[in-house]
Amino acid sequence: MRVEEDVQQMVERVLKGDGDAFLGLVHRYAPGVRAYLASHLYQLDAVDDLAQETLIAAYRSLDRFRQGEDFGGWLRGIARNKLRKHFEQVQKHSGLMERFRAECAGVLGDAWEERAEEVHGEALQRMLGCIGRLPDRMRRVVRANLDGSRGESLAEELGTTAGAVYQLQYRALKMLRDCMKEAHGT
Amino acid sequence: MEPDLADALRAYQGGAFPEERLRELVHRLRTDSAFREAFGDAVWILGLSRLAQAPEPRWTGLCEEMGWLNPGSAAGDPRGENPGAVEGFENLDRVLGEVRREPAPYVRAWWRRAAVLALAACLVLLAGLGWMWGGRQPDAAGGGLGDVVSAEGAVWENRSIRVGSEVRVGPLKLLRGNASIGFHSGVLLFVEGPADLEFRDSSRIWCGRGRLRLRVPPGAEGFVIDTPEGVVTDLGTELGVEIAPGRSTRLAVYEGKAEASLRVPGQGGVRTEVLGEKQGAELVGAQGVIRRMPIEELQGVGRIPMPGLRLAPGYREQVLEAGPVFYWRLDRVEGDQVAGETEGTPVLWKKGAVDFVEDTAGTRSAWFRGGALAVGEAVDFPGEKYAVECWLCAEPMSSGGVLGLAEDDRFQRHFGYVEFTNRLAGSGHGQASALRFLHRRPAGGGGGMNVLVPQPGLAYRWHHWVVQQDSGRLEVYQDGKRVGRAEAGSDPGGAGAPCWIQLGALRENLAGTKRMKNGSVLPVLERPFLGRMAEMAIYSRPLSEQEIRRHAQSRLP
């Protein structure tokens with residue numbers, strides 16, 4: 001309740017011309033928007049481009065935000081529209097992999113939206129801490145970007161197979177999930 | 001882990017699969033809720049882990065939209081890493097920092113380039129505002145744009161000009177010799193006489209004749225040289241220009257990009273050409289053409305010299321007499337290793353671009369060009385009391401870490417940190433540069449006590465620095481004089497605790513590594529120090545004022 005009151009106050013300040021008040025909203029909600037977008041889009045450049053477009057669109061249409069509404073949900077609604085347009089472009093022009101990701105996003109989008117509600121700035125800090133606590137090889141796999149054929153080259157560096165690298169990554173992701181839950185609980 | 005899940009995760013990350021296989025995976029995602037949940041869970045955590053390790057977003061568009069171009073509009077810094085950050089939203093300052101640092105080749109889209117240029121212009125404007133707010137009103141002639149940082153055989157038409165003289169809006173004529181002029185924006189202009197110049201503002205000069213070499217740091221892109229033949233605009237980072245009156249303007253791009261433009265005679269059109277690295281061109285105004293030429297034709301334009309450091313012959317012995325626990329002269333490298341001068345001094349390992357070359361005084365020192373030097377394993381650090389002494393000559397770039405003392409090998413948890421910085425917006429010093437000494441107990445990624453020594457004109461000059469702490473009392477000495485101090489409170493110590501030492505950067509970016517042209521893989525370094533460093537010594541006690549003064553006075557003219 002307190003948070004929503006603060007949000008409403010910030011919105012009112014922005015609407016009265018105090019642009020800096022929007023900083024508070026961005027600070028609170030941008031991590032969730034980025035996380036939501038990052039679950040749909042693999043390329044982080046695209047994530048940040050769409051997150052920025054979402055925030056700009058929110059600022060420009062802030063007068064349409066209704067009092068008492070969930071601001072994070074409202075932002076994700078804008079992000080969802082941006083995503084839809086993005087995927088329309090992807091379907092027209094992109095390759096197989098991008099279309100596969102778009103299909104995944106279509107199937108899983110609702111589940112990810114619920115999770116995004118819980119993401120604030122501290123979540124990313126917590127995640128860094130969890131990554132730091134992974135065993136060496138897992139940490140290396142998580143730190144490496146397994147984009148495209150990177151899995152194969154990392155497998156060579158680690159003296160194993162690409163399949164084993166992805167297995168390791170999956171196990172690491174499970175450990176990170178548990179660590180995040182644990183950290184969230186404390 | 002079942003095969004479908006492995007394949008789906010691999011495909012999601014760009015692994016190659018036949019279309020049929022991808023269809024199968026999508027079908028299973030749609031029809032098998034347990035599979036959908038497991039995959040969704042993995043992708044969600046994967047996204048979060050990648051976001052957490054990624055650099056902060058570069059939301060230049062949002063900054064522009066909101067008019068958030070003054071990171072110093074509020075004080076405070078939750079992490080303590082970033083003086084002048086907007087309280088509670090350090091990203092903005094980091095956004096601007098990234099924009100300043102972002103090399104031109106990575107500014108991909110045209111709108112990003114435009115945003116960078118717009119930001120650069122705004123930053124210049126802000127620098128001007130900061131100048132005024134700091135109580136330094138520009139004079140009637142237009143205000144100080146920078147100063148003369150070095151000169152060799154220079155004879156000026158205005159005989160009163162010497163090294164250290166302020167450069168203002170207006171004409172400047174170098175009759176012979178050469179000189180370097182450092183702008184407050186970080187741009188460095190090297191001029192070979194005879195040269196006729198007119199300084200129009202902090203990002204524009206006119207040159208009627210002479211040979212110039214221009215080095216433009218990230219964030220100051222868009223510096224313009226007007227010539228009788230046309231206009232040369234730097235898009236970062238280093239270029240040479242030769243203007244021969246009545247003939248042509250010749251341009252060579254050594255690093256980065258530049259744009260040449262000239263008006264076509266007899267019509268309103270303006271011809272433009274963007275030149276990439278190692279490309280040259282000649283602007284022939286009378287014909288309205290831009291002719292490509294080999295860069296070698298302009299190799300005569302001298303490299304921008306770093307000033308030399310000459311120390312008295314007994315300097316090394318003086319330092320050894322003071323009993324450092326670690327001491328590197330930084331005058332040589334064997335393979336990738338820099339050896340120390342005392343038995344207990346660990347070897348420093350080279351990470352990236354650090355060269356060991358002679359300066360104009362014939363002294364060898366470490367020239368940091370984006371790389372760092374770090375110990376290969378943790379060392380026992382003095383603890384409650386220590387002093388760090390070195391000689392620095394920094395390039396006028398954005399913040400760069402000189403020395404990091406950390407509890408981890410990727411330098412995320414500092415307990416001591418020294419950096420050369422120009423990120424002091426909000427302190428009333430505009431774009432002035434400063435040395436910053438941070439002490440933080442317990443070690444971590446935020447908080448701590450800073451001593452800041454803000455002054456303009458630190459860059460491109462050798463200075464002797466000592467930073468030291470004694471049970472929470474922090475002191476900074478520059479050239480033998482104490483210039484800053486602070487009380488951090490009692491120090492819980494840490495004597496004997498493992499310590500990692502790094503010279504030349506703040507920390508490693510956890511987002512990953514970069515592959516070099518030679519195939520080697522290096523960590524991505526944040527806030528690299530750009531400039532020269534010599535005679536780095538670390539002591540297990542504070543130095544006395546007499547010792548500091550004696551060491552500082554060892555510099556010969």
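Our structure is the block above this text.
Residues numbered from 1 in each chain as written. Chains lettered and ligands numbered in written order. Predicted model: local features only at pLDDT ≥ 70, side-chain atom pairs only at ≥ 80, totals over all residues. Heavy atoms only, no water.

Draft legend 1. Inspection of the overall build of chain B at higher detail. Counting its secondary structure elements, chain B contains eight helices and 30 strands. Expressed as a percentage of its 557 residues, the buried residues of chain B come to 57%. Here the analysis covers contacts within chain B between residues at least 6 apart in sequence; of these, 57% occur between residues at least 24 apart. Looking at chain B as shown, the accessible area adds up to about 22000 Å², and 49% of this sits on carbon and sulfur atoms. (Helix = DSSP H or I, 4+ residues; strand = E, 2+ residues; numbered from the N terminus. Buried < 20%, exposed > 50% of the residue type's maximum accessible area, 1.4 Å probe, protein only. Contact = heavy atoms within 4.5 Å. Areas by Shrake-Rupley, 256 points an atom, 1.4 Å probe, with all protein chains shown as cover.)

Draft legend 2. The arrangement of the overall build of chain A in detail. Secondary structure summary: chain A contains nine helices and zero strands in total. Starting at the N terminus, the α and β elements of chain A follow one another as α-α-α-α-α-α-α-α-α. The buried share of chain A, reckoned over its 186 residues, is 49%. Partitioning the contacts of chain A with sequence separation of at least 6, the portion at a separation of at least 24 is 58%.

Draft legend 3. View of the packing of helix H5 (residues 96-116) of chain A against helix H1 (residues 3-12) of chain B. The interhelical angle for the contact between H5 of chain A and H1 of chain B, taken along N-to-C directions, is 115 degrees, at an axis separation of 9 Å. Between H5 of chain A and H1 of chain B, the contacting residues are Met 97, Phe 100, Arg 101 and Cys 104 of chain A on the first element and Ala 8, Ala 11 and Tyr 12 of chain B on the second. By residue class, the composition of the contact of H5 of chain A with H1 of chain B is six nonpolar, no polar and one charged. (Axes fitted to C-alpha atoms, helices over the stretch in contact; angles between N-to-C directions. Nonpolar A, V, L, I, M, F, W, Y, C, P; charged D, E, K, R; others polar.)

Draft legend 4. Representation of the state of the cysteines within the structure. Residue and element names in this part refer to chain A. Applying the stated criterion to the full structure yields one disulfide over all chains. Here Cys 130 pairs with Cys 179 through a disulfide, and the sulfurs are 2.1 Å apart. Here the S-S torsion is close to -80 degrees, and the disulfide linking Cys 130 with Cys 179 is therefore left-handed. Here Cys 179 lies in helix H9 (residues 162-185) and Cys 130 lies in helix H6 (residues 121-132), a separation of 49 residues in the sequence. Owing to a relative accessible area of 2%, Cys 130 belongs among the buried residues under this scheme. On the basis of relative accessibility, which here comes to 14%, the residue Cys 179 falls in the buried class. (Disulfide = S-S within 2.5 Å.)

Draft legend 5. Quick peek at the pairing of strand E20 (residues 400-406) of chain B. Residues and elements named next belong to chain B. Counting buried positions over the seven residues of E20 gives seven, a clear majority of the element. Here E20 runs beside strand E21 (residues 414-421); their pairing, made up of six bridges, is antiparallel. Within E21, the position partnered with Gly 401 by the bridge is Glu 419. (Pairing = 2+ DSSP bridges.)

Draft legend 6. Region of the structure containing the interface of chain B and chain A. Taken residue by residue, the interface counts 60 residues in chain B and 62 residues in chain A. Around 5600 Å² of area is buried between chain B and chain A when both sides are counted, 65% of it from carbon and sulfur atoms. For the pair chain B and chain A, the interface holds two salt bridges. When the shortest N-O distance is used, the salt bridge between Arg 177 of chain A and Asp 41 of chain B registers 2.6 Å. Across the contact surface, chain B and chain A share seven residue pairs in polar contact (both at pLDDT 80 or more). Those elements that place two or more of their residues in the side of chain B that touches chain A are H1, helix H2 (19-31), helix H3 (33-53), helix H4 (60-66), helix H6 (110-133) and strand E28 (507-515) of chain B. Looking at the side of chain B that touches chain A, the element that brings in the most residues is H3 of chain B, giving 17 residues. In the side of chain B that touches chain A, the residues fall into 36 nonpolar, 12 polar and 12 charged. (Buried area = accessible area lost by both parts, 1.4 Å probe. Salt bridge = Lys/Arg side-chain N within 4 Å of Asp/Glu carboxyl O. Polar contact = N/O pair within 3.5 Å; in protein donor to acceptor, adjacent residues only side chain to side chain.)

Draft legend 7. How the structure looks around the environment of Leu 405 of chain B. Residue and element names in this part refer to chain B. Following the sequence through the fold, Leu 405 ends up in strand E20. For the pair Leu 405 and Ile 501, spaced 96 residues apart in the sequence, the C-alpha separation amounts to 4.9 Å. Filtering out sequence-adjacent residues up to four positions away, Leu 405 remains in contact with Phe 381, Tyr 386, Arg 413, His 414, Phe 415, Gly 416, Cys 499, Trp 500 and Ile 501.

Draft legend 8. Layout of the pattern of salt bridges. Residues and elements named next belong to chain B. Here the structure, examined in full by the defined rule, presents 43 salt bridges over all chains. Between Glu 273 and Arg 292 there is a salt bridge, with its nearest N and O atoms 3.0 Å apart. Of this pair, Glu 273 sits in strand E9 (residues 270-275) while Arg 292 sits in strand E11 (residues 289-293); the two residues are 19 residues apart in sequence, bridging distant segments of the chain. Glu 282 serves as the salt-bridge partner of Arg 291, at 2.3 Å between the closest nitrogen and oxygen. Looking at Arg 291, the relative accessible area reads 39%, which means it is partly exposed. It is possible to trace a salt-bridge network through shared partners that takes in Asp 4, Asp 7, Arg 21, Glu 24, Arg 28 and Asp 32.

Draft legend 9. Fine view of the packing of aromatic side chains. Evaluated as defined, the whole model comprises 14 aromatic pairs over all chains. A centroid spacing of 5.1 Å and a plane angle of 75 degrees characterise the contact between Phe 381 of chain B and Tyr 386 of chain B, whose relative ring orientation is edge-to-face. For the pair Phe 381 of chain B and Tyr 386 of chain B, a shared accessibility class is recorded, and that class is buried. Chaining the aromatic ring pairs together yields one cluster made of Tyr 29, Phe 65, Phe 71 and Trp 74 of chain A. Across from the ring centre of Trp 367 of chain B, 5.4 Å away, lies the NZ or CZ of Arg 369 of chain B, which sits over that ring. Over the face of the ring belonging to Phe 415 of chain B we find Arg 441 of chain B, whose NZ or CZ atom lies 4.2 Å from the ring centre. (Phe/Tyr/Trp six-rings, centres within 6.5 Å; stacked < 30°, edge-to-face > 60°. Lys NZ or Arg CZ within 6 Å of the ring centre and 35° of its normal.)

Draft legend 10. Region of interest: the side chain of Thr 54 of chain A. As for its placement among the helices and strands, Thr 54 of chain A is situated in helix H3 (residues 44-60). Here Thr 54 of chain A is in contact with Val 33, Leu 75, Ile 78, Ala 79 and Lys 82 of chain A, once residues within four sequence places are set aside.

Draft legend 11. View of H3 of chain A. Under the 1.5 Å per step criterion, the end-to-end length of H3 of chain A is 24 Å for 17 residues, consistent within 8% with the ideal 24 Å. Along H3 of chain A, the residues classified as buried are Leu 44, Ala 46, Val 47, Asp 48, Leu 50, Ala 51, Gln 52, Thr 54, Leu 55, Ile 56 and Ala 58 of chain A. (Expected span 1.5 Å × (residues − 1).)

Draft legend 12. Local environment of the environment of Arg 101 of chain A. Tracing the chain through its elements places Arg 101 of chain A in helix H5. For the pair Arg 101 of chain A and His 40 of chain A, spaced 61 residues apart in the sequence, the C-alpha separation amounts to 7.4 Å.

Draft legend 13. Region of the structure containing the nonpolar core. Counting 89 residues, the largest nonpolar core has Leu 25, Phe 71 and Leu 176 of chain A together with Phe 39 of chain B as the members making the most contacts within it. For this core, the leading source of residues is helix H2 (residues 21-40) of chain A, giving 11 residues. Setting aside chain neighbours within four positions, we find Phe 39 of chain B in contact with Cys 104 and Leu 108 of chain A together with Leu 5, Ala 8, Leu 9, Tyr 12 and Leu 29 of chain B. Ranked by size, the runner-up nonpolar core spans 45 residues in total, among them Phe 326, Phe 415, Phe 420 and Leu 474 of chain B. (Core = buried A, V, L, I, M, F, W, Y, C linked by side-chain atoms within 4.5 Å.)

Draft legend 14. Fine view of the pairing of strand E5 (residues 204-215) of chain B. Residue and element names in this part refer to chain B. Note that strand E4 (residues 188-201) and E5 share 10 bridges and pair antiparallel. Bridge pairing links Val 191 to Leu 212 in E5. In sequence, E4 turns back onto E5 through a hairpin of two residues. Judged from the three bridges that link them, E5 and strand E6 (residues 224-226) form a sheet pairing that is parallel. Bridge assignment links Ile 205 to a residue of E6, and that residue is Ile 225.

Draft legend 15. Quick peek at the packing of H2 of chain A against H3 of chain A. Residues and elements named next belong to chain A. Where H2 meets H3, the axes come as close as 10 Å, and the angle between the chain directions of the two elements is 140 degrees. Looking at the two axes, H2 sits oblique to H3. In terms of crossing hand, the pair formed by H2 and H3 is right-handed. Together, Phe 22, Val 26, Ala 30, Val 33, Arg 34, Leu 37 and Ala 38 of H2 and Val 47, Asp 48, Leu 50, Ala 51, Thr 54, Leu 55, Ala 58 and Tyr 59 of H3 make up the contact between the two elements. Taken together, the residues that form the contact of H2 with H3 break down as 12 nonpolar, one polar and two charged. (Parallel < 35°, antiparallel > 145°, perpendicular 65-115°, else oblique. Left-handed = near helix turned anticlockwise from the far one by under 90°.)

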